[in-house]
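Each chain, letter by letter, is given below.
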Amino acid sequence: MTIKEIYKNMSYGPAPESASAANDFIDAHDKTFNLYIDGQWKEPSSGKYFDSTNPATKEKLANIAEANDADVDAAVAAAKKALPKWVEIGAHQRARYMYAIARQIQKHSRLFAVLEAMDNGKSIRETRDIDIPLVARHFYHHAGWAQLRDTELKDHKEIGVIGQIIPWNFPLLMMAWKIAPAIAMGNTVVLKPAEFTSLTALLFAEICDQIGLPKGVVNIVTGDGKTGAAIVNHADVQKIAFTGSTEVGKIIRRATAGSGKKLSLELGGKSPFIVFDDADLDSAVEGVVDAIWFNQGQVCCAGSRLLVQESVADKLYKKIRARMERLRVGNSLDKCIDIGAIVAPVQLKVIEDLVKQGVDEGATLWQPSWTCPKDGYFYPPSLFTDVSPSSTVAQVEIFGPVLVAMSFRTHKEAVKLANNTRYGLAASLWTENINLALDIAPQIKAGTVWINCTNVFDAASGFGGYRESGFGREGGKEGLYEYLKPKIEGKFSDKPLTNPNPKGSAKKEKTAKKSDKSNGAFSAIDRTTKMYIGGKQARPDGGYSTVIKGADGTAIGEVSTGNRKDIRNAVEVAQKSTSWQGKTGHSKAQVLYYLAENLAIRQDEFANRLVQMTQQSKSEALKEVDIAIDRIYTYAAHADKYDGNVHHTTHRNVTLAMPEPVGLIAIVCPDESPLLGFISTVIPAIAMGNNVVVIPSETAPFSATDFYQILDTSDVPCGTVNIVTGAKDELATVLAKHDNVDAIWYFGTKEGSKNIELLSADNMKRTWVNNGKYRDWTDKKQAEGTTFLQHATEIKNIWIPYGA
Ligand code: NAI
Ligand code: MG
């Protein structure tokens, strides 16, 4: 080719990065990698190894050890043994080790970048400029959190041994996201890389060795799903952190149900990339490139659904096609390529099959005129138009370089389309109108919203999903709580503190008699209390009622026996009612103060009811009501004060970390402390703007049913608080399975807790269960505070770039 010709077609020649340093590293291990357990390289007990290949060349790179149950057992034992010492050396020493890790990663960043590109097939441009710098940044940032743990998070402590399972799309970065916060908070870890991409994690193990990280703090075991399952099921692992497919996330949710293991799941996505008619279309085109062709589209938060305002749709598609024609696919070590190789033949097949299905279902496929190289697993950038919102390609995560485009007319329609997915990981909004962007951002169900940018990440910002994209956050202060537990949990007891159903063993202190007139109409045995749905008293669908016995064992009244249908009605009403969520924090606070005031007026009546139902003396009962009023004040105060952060991310961005209501929370109240158990759970949930469906104490429901009148007179909108009485665990089962419930809190038995975690896996609702551990609901430290608010909110990070 002559220079003149090159000038004319402006095509690039290859600019390969040298593979020699990475090959030297692999050769130094005789092309065979063992397990990193307790600071030693250990051969797998099975003697088995599997191949890791370079998907851009199909060449085998190395043999990787396959860890079995015995190896996982050894790794967990090493982590368990290392834990006390790692805790004891304290925050500052941990910070020093982490700082040393960060420095060492930076020093070897080129080797890491090349090795990652070879093992995964992603471009060296990305590993060099994005993956590895973010890895170093993550360790630096969390070295800081290690230092600050005992001052900034002093009410919390480490969890213990953490099992971590990561995917192949960002091998080293996902490892950093997992290990850095875990060890910073004083935990020790057993991490399993994905089977396609273990090499950089093993290089990282060498770095841990070089800096003298105490043995057993970090253990790396390689293997496939079986190895992962061995970690998940190990009895000495106290928490599982997983990133990968929603399918495996659900398996892990079910496998850990009832075990008491803490769980964070970062799963799939089908994130919308929304372009409004006033967007800078050329910027949006570059955004599309970053959204769906970054890492070959193998990105959980890929902007894989392009939603574009109808008036600019054709113009944008034309620009995108022109840009696609110029994209270059090729060997990951070529510095001039845009798109590398797909990680493995199995993933390539998934993409090919889904694209075929898209064509079969009638969408229009566009691909560039050139063809991909044949020496690796490549797939061209692809665009689907004429896509119907319910079609397979619009709903299923393709995890490849395939963009699916749809158009919308109104802003309302854009939001509706954006949320028309079972996922909720991220969204990207393109408009030159900041007012519009900030109006739309809170309406999208997603953990991250990028405005006029996409796929930007930083250690200081939390990342994680809503809905079937999983739960928990990684990064930011919000992410640290995944690796901590409140110290107060150590005080919880194995038995409820007050016996909910005393069966006649009344205390000698003066208890109210069932004929006590001050109970007014509520005490009459002939009256069955109804349920409370949509601001109205509702008869039970089944027409049954249950007799409730008082402290002395005699019947004190009847309560409606709710069933499946009643729960469905309550959920439907709660889901439709939106006025509470729209209120300002100030207005919510006013309503809550008013609730407290109305409860204070009826203090005596509520105390008598408690005396009637429980073994409390009148003075104890009056105190319980008093604490309830105090507690309502606390959450009224928080309603306009529990706010977010502006994170110090490294880009020219304002990154707003906003707490949002979870949505519809189902609350299964404890049986004990019938009034405080109800108030302590329902009030923080509504203070944060959620609607709730509540199952009150099964054995002592009348404090909750008496509360209707207070709700009625206190301006809480209809449908915000819905109360269904009846058999607690039976009703809880219906709620746990319900697709329109976003979260469920359960305070009851150990078996009941397991049931909730098991059944909630279908729509991946967030769960908060007590695992049969009981709080003292009268104790402010145990039963009040930010833990409740954290469970009542999701943190959404909104990235707003600046710069003229
Ligand atoms: P996967 O979810 O099977 O693998 C992720 C990790 O989980 C790997 O380390 C794997 O060994 C491990 N694993 C598999 N089964 C397990 C089990 N039963 N218990 C414990 N660990 C287990 O994902 P895979 O098969 O690699 O990809 C399938 C699809 O998942 C992709 O097409 C993509 O749609 C999605 N995916 C999403 C990712 C994300 O970042 N959200 C990352 C990778 C895949
Ligand atoms: Mg590989």
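As the structure is a computational prediction, the values presented were derived from the model and not from experiment.

What counts as what
Residues numbered from 1 in each chain as written. Chains lettered and ligands numbered in written order. Predicted model: local features only at pLDDT ≥ 70, side-chain atom pairs only at ≥ 80, totals over all residues. Heavy atoms only, no water. Helix = DSSP H or I, 4+ residues; strand = E, 2+ residues; numbered from the N terminus. Rg over C-alpha atoms; globule rule 2.2 N^0.38 Å. Buried < 20%, exposed > 50% of the residue type's maximum accessible area, 1.4 Å probe, protein only. Areas by Shrake-Rupley, 256 points an atom, 1.4 Å probe, with all protein chains shown as cover. Lys, Arg positive; Asp, Glu negative; His and termini not counted. Charge placed at Lys NZ, Arg CZ, Asp CG, Glu CD. Donors = N, O, S within 2.8 Å, 3.2 Å for Na, K, Ca; no water. Patch = residues over 30% accessible without salt bridge, like charges linked within 9 Å, V, L, I, M, F, W, Y side chains within 5 Å. Salt bridge = Lys/Arg side-chain N within 4 Å of Asp/Glu carboxyl O. Pairing = 2+ DSSP bridges. Contact = heavy atoms within 4.5 Å. Axes fitted to C-alpha atoms, helices over the stretch in contact; angles between N-to-C directions. Near = heavy atom within 4 Å. Polar contact = N/O pair within 3.5 Å; in protein donor to acceptor, adjacent residues only side chain to side chain. Nonpolar A, V, L, I, M, F, W, Y, C, P; charged D, E, K, R; others polar. Parallel < 35°, antiparallel > 145°, perpendicular 65-115°, else oblique. Left-handed = near helix turned anticlockwise from the far one by under 90°. Expected span 1.5 Å × (residues − 1). Phe/Tyr/Trp six-rings, centres within 6.5 Å; stacked < 30°, edge-to-face > 60°. Arc of directions from axis to C-beta.

Colleague: Just to check I follow, could you spell out the overall build of the protein for this structure?
Modeller: Regarding its fold elements, the protein presents 27 helices and 33 strands. Relative to the globule expectation of 28 Å for 804 residues, the C-alpha radius of gyration of the protein, 28 Å, shows essentially globular dimensions. With the principal axes as the frame, the protein shows a C-alpha extent of 105 × 60 × 45 Å. In the protein, which comprises 804 residues, the proportion classed as buried is 60%. For the protein, the exposed area adds up to about 30,500 Å²; of that, 51% sits on carbon and sulfur atoms. For the protein, the separation between the mean place of its 93 positive charges and that of its 93 negative charges on side chains is 3 Å.

Colleague: Quick question: what am I supposed to make of the coordination of the magnesium ion (ligand 2) here?
Modeller: Ideal donor angles around a metal are set by the shape: a four-donor tetrahedron calls for 109.5 degrees, a six-donor octahedron for 90 or 180 degrees. Protein coordination of the magnesium ion (ligand 2) is provided by Thr53 (O), Asp119 (O), Asp119 (OD) and Phe196 (O), with donor distances spanning 2.2 to 2.5 Å. Mapping the donors of the magnesium ion (ligand 2) onto the primary sequence gives the spacing T-x65-D-x76-F. With threonine 53 in strand β4 (residues 49-54) and phenylalanine 196 in the loop between β8 (188-192) and α8 (199-210), this residue pair connects regions lying 143 residues apart in the sequence. The exposure class assigned to phenylalanine 196 is partly exposed, which follows from its relative accessible area of 29%.

Colleague: Where do I start with a negative patch on the surface in this structure?
Modeller: Among the surface-exposed residues, Glu698, Asp729, Glu730 and Glu751 lie close enough to one another that they form a single negatively charged patch. Tracing the backbone shows aspartate 729 in helix α24 (residues 728-737).

Colleague: Help me out: how do you make sense of the sheet that holds strand β1 (residues 32-33) in this one?
Modeller: In a beta sheet, neighbouring strands pair by backbone hydrogen bonds and run either parallel or antiparallel. Here we have 3 strands laid out as an open sheet, ordered β1-β5-β4, and mixed in their pairing. The open sheet has two edge strands with one neighbour each: β1 and β4. Pairing analysis gives 6 bridges linking β4 to strand β5 (residues 59-65), with the strands arranged antiparallel. Residue serine 52 lies in a different strand from β5, and its bridge partner there is alanine 62. The sheet contacts of helix α5 (residues 109-120) involve β4 and β5, and relative to β4 the element is tilted by about 100°.

Colleague: Hey, could you run me through unusual backbone geometry in this one?
Modeller: At arginine 467, a position not held by glycine, the phi torsion is positive, near 50°. You can call arginine 467 partly exposed: its relative accessible area is 28%. Not every positive phi belongs to a glycine, and asparagine 771 is a case in point at roughly 50°. Mapped onto the fold, asparagine 771 is located in the loop between β32 (766-769) and α26 (780-783).

Colleague: Teacher, can you tell me more about the site of ligand 1 here?
Modeller: Around ligand 1 sit 24 residues in total, of which Ile166, Trp168, Lys192, Glu195 and Ser245 are the nearest. Between an oxygen atom of ligand 1 and a side-chain N or O atom of glutamate 195, the distance comes to 2.7 Å. Here glutamine 347 contributes a side-chain N or O atom positioned 3.1 Å from an oxygen atom of ligand 1. Calculation on ligand 1 without its partners gives an accessible area of 810 Å², and the protein chains cover 83% of this total. Elements with a minimum of two residues in the shell around ligand 1: α9 (225-233) and β10 (239-243). Looking at the shell around ligand 1 element by element, the count peaks at 3 residues for α9. Class assignment of the residues belonging to the shell around ligand 1 gives a composition of 12 nonpolar, 8 polar and 4 charged.

Colleague: Help me understand the pairing of strand β25 (residues 555-560), please; the structure alone is not making it clear to me.
Modeller: Taken residue by residue, a regular strand's side chains alternate between the two faces of the sheet. Sheet topology places strand β21 (residues 528-529) next to β25; 2 bridges connect them, and they run parallel. Counterpart to threonine 529 in the pairing with β25 is valine 559. In this structure, strand β24 (residues 545-549) lies alongside β25, joined through 5 bridges in antiparallel fashion. Across the sheet, isoleucine 548 pairs through a bridge with glycine 557, a residue of β25. Here β24 folds back onto β25, and the loop between the two strands holds 5 residues, one of which, glycine 553, carries a positive phi near 90°.

Colleague: Help me understand the pattern of salt bridges, please; the structure alone is not making it clear to me.
Modeller: Should their charged atoms come close, side chains of opposite charge can pair. The tally for this structure, following the rule as stated, stands at 40 salt bridges. The shortest N-O distance in the salt bridge between lysine 60 and aspartate 51 comes to 3.1 Å. Lysine 60 sits in the partly exposed class, given a relative accessible area of 45%. When the shortest N-O distance is used, the salt bridge between lysine 122 and aspartate 131 registers 2.7 Å. Of the two residues, lysine 122 and aspartate 131, neither departs from the other in class, the shared state being buried. What emerges from the salt-bridge pattern is a single network uniting Asp630, Arg631, Lys780 and Glu784.

Colleague: Which parts of the structure should I look at to understand the packing of helix α20 (residues 603-613) against helix α23 (residues 702-712)?
Modeller: Between two packed helices, both the angle of their axes relative to each other and the distance between the axes serve to describe the pair. Two elements in contact, α20 and α23, have axes whose closest approach is 10 Å; the angle formed by their N-to-C orientations is 160°. By the angle between their axes, α20 is roughly antiparallel relative to α23. As α20 runs across α23, the sense of the crossing is right-handed. Counting all contacts with α20, which are made through Phe606, Arg609, Leu610 and Met613, the residues of α23 involved are Phe702, Ser703, Asp706, Phe707 and Ile710. Here the residues of the contact of α20 with α23 sort into 6 nonpolar, 1 polar and 2 charged.

Colleague: Where do I start with the sheet that holds strand β15 (residues 382-385) in this structure?
Modeller: Sheet architecture is open: 10 strands sit in the order β14-β15-β16-β13-β12-β17-β18-β33-β27-β26, paired in mixed fashion. On the outer flanks of this sheet lie β14 (364-366) and β26 (645-647), each paired with one strand and no other. Taking the axes of each pair of neighbouring strands and ignoring which way they run, one obtains an average angle of 20° across the sheet. Note that β15 and strand β16 (residues 402-408) share 3 bridges and pair parallel. Residue pairing in the sheet places serine 382 in a bridge with valine 402 of β16. In the packing of helix α11 (residues 281-293) onto the sheet, contacts are made with β12 (272-275), β13 (305-309), β15, β16 and β17 (426-430), and the angle to β12 comes to roughly 175°. Docked against the sheet, helix α12 (residues 310-326) engages β12, β13, β14, β15 and β16, running at close to 135° with respect to β13.

Colleague: Sorry if this is basic, but what is going on with helix α13 (residues 345-360) here?
Modeller: Each α-helix turn comprises 3.6 residues. Residues three or four places apart therefore point the same way. For α13, which comprises 16 residues, the first-to-last C-alpha distance of 22 Å matches the rise-based estimate of 22 Å (1.5 Å per residue) to within 8%. Contacts from the buried residues of α13 go to β14, β15, α14 (392-395) and β16.

Colleague: For this particular structure, what's the right way to read the side chain of glutamate 66?
Modeller: Secondary-structure assignment places glutamate 66 in the loop between β5 and α3 (69-88). The contact partners of glutamate 66, leaving out residues within four places of it in the chain, are Pro44, Ser46, Lys48, Tyr49, Phe50, Asp71, Thr222 and Gly223.

Colleague: Honestly, the packing of aromatic side chains in this entry has me stumped. Any pointers?
Modeller: Two numbers describe a pair of aromatic rings. These are the distance of the centres and the angle of the planes. For the coordinates displayed, the defined rule picks out 23 aromatic pairs. Between the aromatic rings of phenylalanine 457 and phenylalanine 463, the centroid separation amounts to 5.8 Å while the plane-to-plane angle is 70°, which identifies the pairing as edge-to-face. Given the relative accessible area of 9%, phenylalanine 457 is considered buried. The exposure class assigned to phenylalanine 463 is buried, which follows from its relative accessible area of 4%. With 5.1 Å between their ring centres and 80° between their planes, tryptophan 745 and tryptophan 768 make a pair best called edge-to-face.

Colleague: Can you help me understand helix α2 (residues 20-28) in this one?
Modeller: Considered for burial, the residues of α2 that qualify are Ala22, Phe25 and Ile26. Looking down the long axis of α2, one finds its buried residues gathered within 95° of arc, a one-sided arrangement. Of the exposed residues in α2, those oriented more than 90 degrees away from the buried face are Asp24 and Ala28. Next to the buried residues of α2 lie β1, β5, α5 and α8. Aspartate 30, located one to two residues past α2, shows a positive phi value of around 55°.

Any functional reading would require information that these geometric values do not contain.
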